[in-house]
Amino acid sequence: MDGDKCILHLRGVRPFFSSKFDITKHKRYKELSDFDKKNAFDVEEYMKHRLEVGMDEEFSLFEADAGIQADGDVSGAEANEP
């Protein structure tokens, strides 16, 4: 098989030959990490992020309960107005 060809396996369709796409020709190629390593997504750094709320910041707290009952009914969130 030529280096510019590939075999595609798609659900519901028999495998077939296709030409490979040259990603360097895509209009948004400059956003990929292949173009510049600074564009790489760092999962570890993303997972370290924590939301910090200061002592003087106001926020709203909502409580929701969405469980499945024994009879299969789904109970939704109940709004408690002050």
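Residues numbered from 1 in each chain as written. Predicted model: local features only at pLDDT ≥ 70, side-chain atom pairs only at ≥ 80, totals over all residues. Heavy atoms only, no water.

Asks: I tried to follow the overall build of the protein on my own but got confused; where do I start?
Replies: A tally of regular secondary structure across the protein gives one helix and two strands. Secondary structure elements in the protein, listed N-terminal to C-terminal, are β-β-α. Counting every position in the protein, which comprises 82 residues, the buried fraction comes to 2%. Partitioning the intrachain contacts of the protein with sequence separation of at least 6 by distance along the chain shows that 0% fall at a separation of at least 24. Carbon and sulfur atoms make up 53% of the accessible area of the protein, which totals about 8900 Å². (Helix = DSSP H or I, 4+ residues; strand = E, 2+ residues; numbered from the N terminus. Buried < 20%, exposed > 50% of the residue type's maximum accessible area, 1.4 Å probe, protein only. Contact = heavy atoms within 4.5 Å. Areas by Shrake-Rupley, 256 points an atom, 1.4 Å probe, with all protein chains shown as cover.)

Asks: Help me out: how do you make sense of the packing of aromatic side chains in this one?
Replies: Within a pair of aromatic rings, the relevant descriptors are the distance that separates the centres and the angle that separates the planes. Within this structure, the stated rule accounts for two aromatic pairs. Ring centres of Phe41 and Tyr46 lie 5.6 Å apart, and the angle between their planes is 50 degrees; on these two criteria the pair is classed as tilted. Pair check on accessibility: Phe41 and Tyr46 agree, each one exposed. (Phe/Tyr/Trp six-rings, centres within 6.5 Å; stacked < 30°, edge-to-face > 60°.)

Asks: Would you take a moment to explain the pattern of salt bridges for this structure?
Replies: Pairs can form between side chains of opposite charge whenever their charged atoms are close. Per the stated rule, a full pass over the model turns up two salt bridges. Between Lys25 and Asp22 there is a salt bridge; the shortest N-O distance is 3.3 Å. A relative accessible area of 35% places Asp22 in the partly exposed class. Of the charged contacts in the structure, one is a salt bridge between Arg28 and Glu31, with a shortest N-O distance of 3.0 Å. In this structure Glu31 comes out as partly exposed when scored by relative accessible area, which is 47%. (Salt bridge = Lys/Arg side-chain N within 4 Å of Asp/Glu carboxyl O.)

Asks: Explain the environment of Asp22 to me, please; I cannot follow it from the model alone.
Replies: With respect to the helices and strands, Asp22 occurs in the loop between β2 (16–19) and α1 (43–48). Between the alpha carbons of Asp22 and Asp4 there is a distance of 9.1 Å; along the sequence they are 18 residues apart. At a separation of 2.7 Å, a polar atom in the side chain of Asp22 contacts the side chain of Thr24. (Polar contact = N/O pair within 3.5 Å; in protein donor to acceptor, adjacent residues only side chain to side chain.)

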